[in-house]
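Next come the chains, spelled out residue by residue.
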Amino acid sequence: MKRIIMPALLALCLCACTKKTDADQTLRVVATVFPAYDWARVILGAEADHTSLTLLADNGIDLHGYQPSVQDSAALSRADVLIYTGGESDAWVDGAIKTATNPAMRTVNLIAALGDRAKAEETVAGMQAEEPEQDDTAYDEHVWLSLQNAPLLCAAIADALCAADERNAVAYRANLAAYTTELAALDADYRAAIGAAPTKTLVFGDRFPFRYLTDDYGLAYYAAFAGCSAETEASFRTIAFLADKTDALALPAVLHIETSDGKIARTIVQNTQTKSARVLMLDSMQSVTARQIAAGATYLGIMRKNLAVLQEALHR
């Protein structure tokens, strides 16, 4: 079942070009990924009374394996505001927008909103190679994993919400300002903690969707696969390379993301000399479920937990 929230106080008065009938006074906001969904929730705030906020990928399926259902396509087609990554994993959205039934739909393409800050997928030493893509440039889709990019992306979402619902624009701008302060405070915590850490390198026995985060704070990394890789089995050469790096740098941990079982990370540890590195999980927020949201999962909460994991991974 799709996650739909009816928050508490949004008097809806759309501008003339987007005016609805009296029988349909609900602002419809659809997001394809959890961070965008949660950002929209915060910006809408406690004064959102008649808002239908829907997260399409809310059943635990990884972002890269998600396929829209008929219901998903229908929800997207009717949206007043649509927020999506703009990468290869949701390339289907562009076609859906063209056939949408709401001609006044506002769209927020997160990668496009970043402009020059968007980063291409990269391959680092030891990373298991894949067949070359036909496209010239594949952007790293995991733009939300930068606390320094988040204010820019939230501002783009706020712009779309204000355009769709002018009457509540002042409240949305105030909510954005307050949230931007929270994002900046957490960014400062990351800077302080990582700046004081004796280790500045991570080893991932998994895909690596955290390039935006590591670039923000000057961390180096080695990983089994690129962030959007479809690979799930690491070669012996890849395992050996990452185990050697763990030994050479005396790293206290090998990491994996939330969508894997950690098997590759454990195998890397078993191939180190000491076999003492911990196996830790860093959450990329690619598969947050409706149940987790109902239990209180938030973008800031997950990023705070990630900071605690990084502190453990960067201290011998």
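Predicted model, so just to flag it, every value in this text is computed and none were measured.

About the cut-offs
- Within any chain, residue numbers begin from 1 and follow the written order of that chain's sequence.
- In view of the model being predicted, local features appear only for residues whose pLDDT reaches at least 70, and side-chain atom pairs are presented and counted only at 80 or more, with totals across whole chains, interfaces and linings using the full set of residues.
- Excluded from the side-chain calculations are hydrogens and water; all other atoms, namely the structure's heavy atoms, are used.
- Counting from the N terminus, the helices are the DSSP runs of H or I reaching at least four residues and the strands are the DSSP runs of E reaching at least two.
- Buried, partly exposed and exposed residues are distinguished by accessible area as a fraction of the type maximum, computed with a 1.4 Å probe on protein chains only: under 20%, between the cut-offs, and over 50%, respectively.
- Residue contacts are counted whenever heavy atoms from the two residues lie within 4.5 Å of one another.
- Exposure was quantified through the Shrake-Rupley algorithm and a 1.4 Å probe, taking into account, for residues, occlusion by the shown protein chains and nothing else.
- Structural elements are reduced to axes, namely lines fitted to C-alpha atoms, with helices fitted over the stretch in contact, and the angle between N-to-C directions of any two is expressed from 0 to 180 degrees.
- Should an angle fall under 35 degrees it is called roughly parallel, over 145 degrees roughly antiparallel, and 65 to 115 degrees roughly perpendicular, with every other angle called oblique.
- Salt bridge, as used here: a side-chain nitrogen of Lys or Arg that lies within 4 Å of a carboxyl oxygen of Asp or Glu.
- Strand pairing is defined by DSSP finding a minimum of two bridges between the two strands.
- With strands facing away from the observer, any crossover in which the path from the first strand over the helix to the second runs clockwise is taken as right-handed.
- Any two of the Phe, Tyr and Trp rings considered here, Trp counted by its six-membered ring, make a pair once their centres fall within 6.5 Å; the pair's planes then place it as stacked at under 30 degrees, edge-to-face at over 60, or tilted in between.

Considering the overall build of the protein
Right, so step 1: Counting its regular elements, the protein contains 11 helices and 9 strands.
Right, so step 2: The buried share among the 316 residues of the protein stands at 52%.
Right, so step 3: Restricting to contacts in the protein with at least 6 residues of sequence separation, those with at least 24 account for 75%.
Right, so step 4: Split by element, the accessible area of the protein, about 13,900 Å² in all, is 52% carbon and sulfur.

Considering the packing of helix α1 (residues 34–44) against helix α6 (residues 169–196)
Right, so step 1: Where α1 contacts α6, the axes come no closer than 7 Å and their chain directions differ by 120 degrees. It follows from the interaxial angle that α1 and α6 lie oblique. On the side of α1, the interface is formed by D38, W39, V42, I43 and L44, while α6 contributes Y172, N175, L176 and Y179.

Things to note about the pattern of salt bridges
Right, so step 1: Considering all chains together, one arrives at 7 salt bridges under this definition.
Right, so step 2: Between R211 and E122 there is a salt bridge, with its nearest N and O atoms 3.4 Å apart. Separated by 89 residues along the polypeptide, R211 in helix α7 (residues 211–217) and E122 in the loop between α4 (110–114) and α5 (150–164) bring together distant segments of the chain.
Right, so step 3: A residue is classified by how much of its surface remains accessible, and R211, at 17% relative accessible area, is buried.
Right, so step 4: Given the relative accessible area of 28%, E122 is considered partly exposed.
Right, so step 5: Between D215 and R211 there is a salt bridge, with its nearest N and O atoms 3.3 Å apart. Of this pair, D215 and R211 both sit in helix α7, 4 residues apart, roughly one helical turn.
Right, so step 6: In this structure D215 comes out as partly exposed when scored by relative accessible area, which is 36%.

A few points about the pairing of strand β8 (residues 253–257)
Right, so step 1: With 5 of 5 residues buried, β8 is to be regarded as a mostly interior element.
Right, so step 2: Of the two faces of β8, the one holding A253, L255 and I257 and the one holding V254 and H256 are both buried throughout.
Right, so step 3: Looking at chain direction, β8 and strand β9 (residues 278–282) are connected through 5 bridges and run parallel. By the bridge assignment for β9, L255 is matched with L280.
Right, so step 4: With helix α9 (residues 263–270) bridging β8 and the parallel β9, this β-α-β connection has right-handed handedness.

Quick look at the packing of α6 against helix α11 (residues 299–313)
Right, so step 1: Their axes nearest at 10 Å, the elements α6 and α11 cross at an angle of 5 degrees. What the angle tells us is that α6 and α11 run roughly parallel. Where α6 approaches α11, its residues Y179, E182, L183, L186, D189, Y190, A193 and I194 are matched on the opposing element by Y299, L300, M303, R304, N306, L307, L310 and Q311.

Notes on α1
Right, so step 1: Of all 11 residues making up α1, 10 are buried, and the element is well covered by its neighbours.
Right, so step 2: Looking only at α1, the buried set comprises F34, P35, A36, Y37, D38, W39, A40, V42, I43 and L44.
Right, so step 3: Looking one or two residues beyond α1, the residue adopting positive phi is G45, at roughly 70 degrees.

Some thoughts on the packing of aromatic side chains
Right, so step 1: For the structure shown, the criterion picks out 8 aromatic pairs.
Right, so step 2: A centroid spacing of 5.8 Å and a plane angle of 65 degrees characterise the contact between Y222 and F241, whose relative ring orientation is edge-to-face. Placement of the pair is Y222 in strand β7 (residues 220–226) and F241 in helix α8 (residues 236–248), with a sequence separation of 19 residues.
Right, so step 3: We classify Y222 as buried; its relative accessible area is 19%.
Right, so step 4: Each member of the aromatic cluster is reached from another via a ring pair, and the members are F204, F208, F210 and Y221.

Brief notes about the pairing of strand β2 (residues 27–31)
The side chains of a regular strand alternate, residue by residue, between the two faces of the sheet.
Right, so step 1: Burial runs high along β2: 4 of the 5 residues are buried.
Right, so step 2: Pairing geometry for β2 and strand β3 (residues 51–55), over 5 bridges, is parallel. Along β3, the bridge assignment pairs L27 with T51.
Right, so step 3: Taken together, the 3 bridges between β2 and strand β4 (residues 81–84) define a ladder with parallel strand orientation. Of the residues in β4, the one forming a bridge with V30 is L82.

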